[in-house]
Amino acid sequence: MAEFLFDDKKVYYEVHGDEGDVLILLNGIMMSTASWTAFVKTLSRGRRLVLVDFFDQGQSARLEPGYDHKIQIELLEGLAKELEKELGITSFNLSGISYGGEIALQYALAYPKRVKRLILADAAARTSPWLRNIGDGWNAVAEKGDGRAYYLIAIPVIYSTRFFEEREDWMNKREETLVEYFSDKEVLARLMRLTDSSRNFNVEDRLGEIKCPTLIISASEDALVPVSEQEILHRGIKGSEHVTINGSGHASMYEFPETFIALLAGFADIGDDEITV
């Protein structure tokens, strides 16, 4: 657990494990480093796992409204420089889910020499009109300051109907925790800023610039960022691999945690090996 200053603003990060290649894992929009607690033991075995809170997430600094993804991309480069200074790390495997995948994609475009392998889960090359309207709905509810209403509009759609019904007890506990969390107006203000930061995101015309080995992970029942969006990524990033987790909603790491871990760890562990058959 550590922190550094970027542009005089605190950035919180964690390094788990003390040997092997580095895997940086980036949060979705409503997540923080704490969201990965159940995954840390496995993903840090034989590698260094690095988690980080973006601005307006977890224990990192809060921002004023009006920023876009660029500041999060530069935060990530600030983290890369910190890892280089503290641990001698100059390049790494980079993975992100949803919002984190968008930042990972743009970071690989901005700093290609840093990224060995890129893993994009439930992510897209753009904020589609569909997703923009969903975000506008989230923010319209957030402005009213009603934590339960925000939960109801934002959370159920993240999961597949199968998971929601089969894990009803888990979902009920999740609702109890998150309604209290979302009832904090400062939390809702942060989520509104993060949502707005994605409003004009679009790098579809730059996907051909990605040269590092790339794995794209879809979820077949993703209602927020459907498989068609990952197909755009796959077509644009030459030589990329595309895998779909069948039966999963957008929160694939919670619905199919072992599959999610296996995909991340397996692709990252290939390293520089060339596999020919």
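Preceding this paragraph is the structure being described.
Worth saying up front: this structure is predicted, and the values here are computed from it rather than measured.

Caption draft 1: Quick peek at the pattern of salt bridges. As enumerated under the stated definition, the model contains 15 salt bridges in all. Its salt-bridge partner being Arg 193, residue Asp 56 comes within 2.7 Å of it at the nearest N-O pair. Of the two residues, Asp 56 is situated in the loop between strand S4 (48-52) and helix H2 (69-87) and Arg 193 in helix H8 (residues 185-197); the sequence distance between them amounts to 137 residues. Here Asp 56 matches Arg 193 in class, with each residue buried. Here Glu 255 ties to Arg 162 by a salt bridge, and the two come within 3.0 Å at their closest N and O atoms. Residue Glu 255 is found in helix H10 (residues 252-255), and its partner Arg 162 is found in helix H6 (residues 161-166); the two are separated by 93 residues along the sequence. Three or more residues joined by partner-sharing salt bridges are found here, namely Arg 62, Glu 186 and Arg 190.

Caption draft 2: Structural context of the layout of surface pockets. One number sums up the size of the largest pocket: a volume of about 780 Å³. As for the largest pocket, its lining consists of 44 residues, of which Gly 28, Ile 29, Met 30, Met 31 and Ile 158 are closest to the centre. The set of elements that each furnish at least two residues to the lining of the largest pocket consists of helix H1 (37-43), helix H3 (99-110), helix H4 (129-142), helix H7 (168-182), H8 and H10. Counting residues per element, the lining of the largest pocket draws most heavily on H8, at six residues. Taken together, the residues that form the lining of the largest pocket break down as 24 nonpolar, twelve polar and eight charged.

Caption draft 3: Representation of the environment of Met 30 within the structure. Residue placement: Met 30 occurs in the loop between strand S3 (22-26) and H1. Residues Met 30 and Ala 154, 124 residues apart in the sequence, show an inter-C-alpha distance of 9.6 Å. Among all residues touching Met 30, those that are not within four sequence positions of it are Trp 138, Tyr 150, Ala 154, Ile 155, Ile 158, Phe 182 and Leu 191.

Cut-offs applied
Residues numbered from 1 in each chain as written. Predicted model: local features only at pLDDT ≥ 70, side-chain atom pairs only at ≥ 80, totals over all residues. Heavy atoms only, no water. Salt bridge = Lys/Arg side-chain N within 4 Å of Asp/Glu carboxyl O. Helix = DSSP H or I, 4+ residues; strand = E, 2+ residues; numbered from the N terminus. Buried < 20%, exposed > 50% of the residue type's maximum accessible area, 1.4 Å probe, protein only. 1 Å grid on protein atoms, 1.4 Å probe; cavity = no way out; pocket = protein on both sides within 12 Å on 5 of 7 lines; lining within 4 Å. Points joined across faces, edges and corners; volume = space filled by probe spheres on them. Nonpolar A, V, L, I, M, F, W, Y, C, P; charged D, E, K, R; others polar. Contact = heavy atoms within 4.5 Å.

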